[in-house]
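Here is how the chains run, residue by residue.
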Amino acid sequence: MRDTELYQNLLGIVSPWTVDSVTMGVEKQRVDVTVSHPPRILFSCPECGTESPVFDHPEERVWRHLDRCQFFTYLHARVSRIFCAAHGVRQVSVPWAEARGRFTKLFERLAIDVLKACDVFSAAALLRISWDEAWRIQERAVERGLARKKEKPLSKIGVDEKAIAKGHQYMTLVCDLLEGTIEYVGEGRKTESLETFYQTLSPEQRNGIRAVSMDMWDPFFQATLRYVPEASGKIVFDRFHIMGHVGKAVDTVRKREVRDGGGPELKGFKYLWLYSKENLPQSQRARFEALRSLNLKVGRAWAMKEELRALWQASSPEEAKAFWKRWFWWATHSRLKPMRDVAYLIKRHLANVLTYIIHPITNAVSEGLNSKIQTIKKRAYGFRNKEHFKTAIYFHCGGLNLYPA
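Definitions and cut-offs
Along each chain, residue indices are assigned from 1 in the same order as the chain's sequence is written. Residue-level local features of this predicted model are given only where pLDDT is at least 70; pairs of side-chain atoms are given and counted only at 80 or more, and the full residue set underlies all totals for whole chains, interfaces and linings. Hydrogen atoms and water are omitted, and side-chain values are computed over all heavy atoms in the structure. Ring geometry is summarised as follows: Phe, Tyr and Trp rings, the Trp one being its six-membered ring, pair when their centres sit within 6.5 Å, and such pairs are stacked at plane angles under 30 degrees, edge-to-face over 60 and tilted between the two. Three labels apply to residues, based on accessible area from a 1.4 Å probe with only protein chains included: buried if under 20% of the type maximum, exposed if over 50%, partly exposed otherwise in between. By the criterion adopted, a ring carries a charge over it if an Arg CZ or a Lys NZ lies within 6 Å of its centre and within 35 degrees of its normal. Buriedness of a pocket was judged along seven lines, with at least five required to meet protein on both sides within 12 Å; pockets are open sets of points on a 1 Å grid over the protein atoms alone, cavities are sets where a 1.4 Å probe fits but cannot get out, and lining residues have an atom within 4 Å of a point. Grid points are joined across faces, edges and corners, and a volume is the space filled by probe spheres set on the points. Secondary structure counts use DSSP, requiring at least four H or I residues in a row for a helix and at least two E residues in a row for a strand, with both numbered from the N terminus. For this classification, Asp, Glu, Lys and Arg are treated as charged, while Ala, Val, Leu, Ile, Met, Phe, Trp, Tyr, Cys and Pro are nonpolar and the rest, including Gly, are polar. What makes two strands pair is DSSP finding at least two bridges between them. Here the axes come from fitting lines to C-alpha atoms, over the contacting stretch only for helices, and the angles between their N-to-C directions go from 0 to 180 degrees. In what follows, a contact means two residues having at least one pair of non-hydrogen atoms within 4.5 Å. Here, nonpolar core refers to any group of buried Ala, Val, Leu, Ile, Met, Phe, Trp, Tyr and Cys residues whose side-chain atoms link them within 4.5 Å.

Q: Sorry if this is basic, but what is going on with the packing of aromatic side chains here?
A: Given two aromatic rings, their pairing is described by the distance between the two centres and the angle made by the two planes. The tally for this structure, following the rule as stated, stands at 15 aromatic pairs. On the numbers, 5.0 Å between centres and 15 degrees between planes, the contact of Phe103 with Phe107 is stacked. Look at Phe107 and you get buried, because its relative accessible area is 2%. When the ring of Phe383 is compared with that of Phe389, the centres are 4.9 Å apart and the planes differ by 15 degrees; the resulting orientation is stacked. Aromatic ring contacts, followed pair by pair, group Trp17, Phe43, Trp63 and Trp96 into a single cluster. Over the aromatic face of Phe72 sits the side chain of Arg128, whose NZ or CZ is 4.0 Å from the ring centroid. Above the ring of Trp217, the side-chain terminus of Arg189 is found at 4.2 Å from the ring centroid.

Q: Honestly, the layout of surface pockets in this entry has me stumped. Any pointers?
A: The rolling of a water-molecule-sized probe over the atoms marks out the regions of remaining empty space. Here the largest pocket is characterised by a volume of approximately 400 Å³. Along its surface, the largest pocket is lined by 19 residues, and Trp131, Ala380, Tyr381, Gly382 and Phe383 are the ones closest to its centre. When contributions to the lining of the largest pocket are tallied by element, the ones reaching two or more residues are α3 (120-127), α4 (131-148), α14 (364-379) and α15 (386-397). Per-class residue counts for the lining of the largest pocket are 11 nonpolar, five polar and three charged. What the second largest pocket holds in volume is close to 300 Å³. Around the second largest pocket, the lining comprises 13 residues; the ones closest to its centre are Lys149, Glu183, Phe197, Thr200 and Leu201. Every element with two or more residues in the lining of the second largest pocket is listed here: β11 (181-187) and α5 (191-200).

Q: Looking at this structure, I do not really get the sheet that holds strand β4 (residues 51-56). What am I missing?
A: Sheet strands associate in pairs through backbone hydrogen bonding, adopting either a parallel or an antiparallel arrangement. Reading across from one edge, β3-β4-β7-β8 is the order of the four strands in this open sheet, with antiparallel pairing throughout. Among the strands making up the open sheet, the edge pair consists of β3 (42-44) and β8 (88-91). Each strand axis lies, on average, 55 degrees off the axis of its neighbour in the sheet, ignoring direction. Sheet topology note: the β4/strand β7 (residues 81-84) ladder contains two bridges and is antiparallel. Looking at the pairing, Asp56 lines up with Arg81 of β7.

Q: Looking at this model, I keep getting lost on the environment of Ala223. Mind explaining?
A: Mapped onto the fold, Ala223 is located in helix α7 (residues 218-227). Considered as a pair, Ala223 and Ala343 are 120 residues apart in the sequence and their alpha carbons are 25 Å apart. Setting aside residues no more than four positions away along its own chain, Ala223 makes contact with Thr191, Leu194, Glu195 and Tyr198.

Q: Which parts of the structure should I look at to understand the nonpolar core?
A: Burial of nonpolar side chains together is a common tendency in soluble globular proteins. Residues Ile182, Phe197, Tyr198, Leu308, Leu311 and Met339 are the most contacted members of the largest nonpolar core, which totals 96 residues. Residues contacting Leu311, with those up to four places away along its chain left out, are Ala320, Phe323, Trp324, Val353, Leu354 and Ile357. Tyr7, Ile41, Trp63 and Ala97 belong to the second-largest nonpolar core, a separate cluster that totals 23 residues.

Q: Sorry, what's going on with unusual backbone geometry here?
A: In most cases, non-glycine residues show a negative phi, while peptide bonds are predominantly trans. Following Ser15, the chain continues into Pro16 via a peptide bond in cis, with omega recorded as 10 degrees. In this structure, Pro16 sits in the loop between α1 (3-10) and β1 (18-25). One non-glycine residue, Arg128, lies in the positive phi region at around 60 degrees. Take Arg128: it is sitting in the loop between α3 and α4. Residue classification places Arg128 among the partly exposed residues on the basis of a relative accessible area of 34%. Not every positive phi belongs to a glycine, and Arg335 is a case in point at roughly 60 degrees. In this structure, Arg335 sits in the loop between α11 (317-332) and α12 (337-348).

Q: How should I be thinking about the side chain of Lys305 in this particular structure?
A: Mapped onto the fold, Lys305 is located in helix α10 (residues 297-308). Its relative accessible area of 5% is what places Lys305 among the buried residues. Setting aside anything within four residues of it in sequence, one finds Lys305 in contact with Met243, Val246, Gly247, Val250, Trp273, Leu274, Tyr275 and Ser276.

Okay, structure coming up:
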């Protein structure tokens, strides 16, 4: 088999294109493959598909292809232009690369797989391209994926924020709780940050939202009330954020008790009081029961924390309300100010705490994606450019179709 026939098959070149020549440079470890088409041939307009004759031949273009036997492989061709009566002069599409691309489709597919597995710097080294070229492949993949993204129902969504830098700089993240994908990344955590997302949705999509999980951040709450029909009965304040507030209150009780001379037995056991009962380490259970038997203030606060978890196990809103009344009376009459304060905090948001009974969703998926985003950020040693950070989030967490056709 001749070298031109070999590379015709290796590169997947199809009619009317054919491999004209193959040049190997051993010193530079490089193979250059020249491709052309027969004269007086008709090409289809990339806009409308109408066939037209060749208008002219611009300068030769070069595409990087997959390496062969450790040799760099480059594809050379003069891509013809045609004159379409409807759209004017247009460059024809080539089967091996996308418009304005510098790499073949097969190379980009490999590059996307490598970029998914490691950071851009490492991917560039493995692919033997520059950092800018690797980043541009990632950027093009996200642009391609967002352009292909079709309108879909978003029945259950989660709203969360992500700290991106020092100085209280945040991004607003919206995820599809059912598919586990990031649907929107917005700057800041203001009302406008989330409103921009809702404005991108069609009326049918907004009507199709059945539940929205979020923490008790008022700007997110107000934006959802404004754009989601009947949102007051669909917003669910995340139970894990609420229990996080209660856990902080328990720790505040412990700190004050230590400060007021609660005894040396409280020192060194901060995290024991933050565990749930079933997650307490086996090696610490005997010591923990001994501490609880001392009738400490932090022991009473811990018992309140554990009891409150049953609120989300109620089988009906009526049962949940009855449980809440009993727990609220206990917390507000405990003479433990941190527990009293957190009880009133929950009471102010109670209506959308109890919506969990109707829509049992949490921000666990959002927090999982948040953790993945933190890994992306750490792997890149941070992002100085917010748009680059958004691109990386969509690339790794957007659930997009990133590959060239």
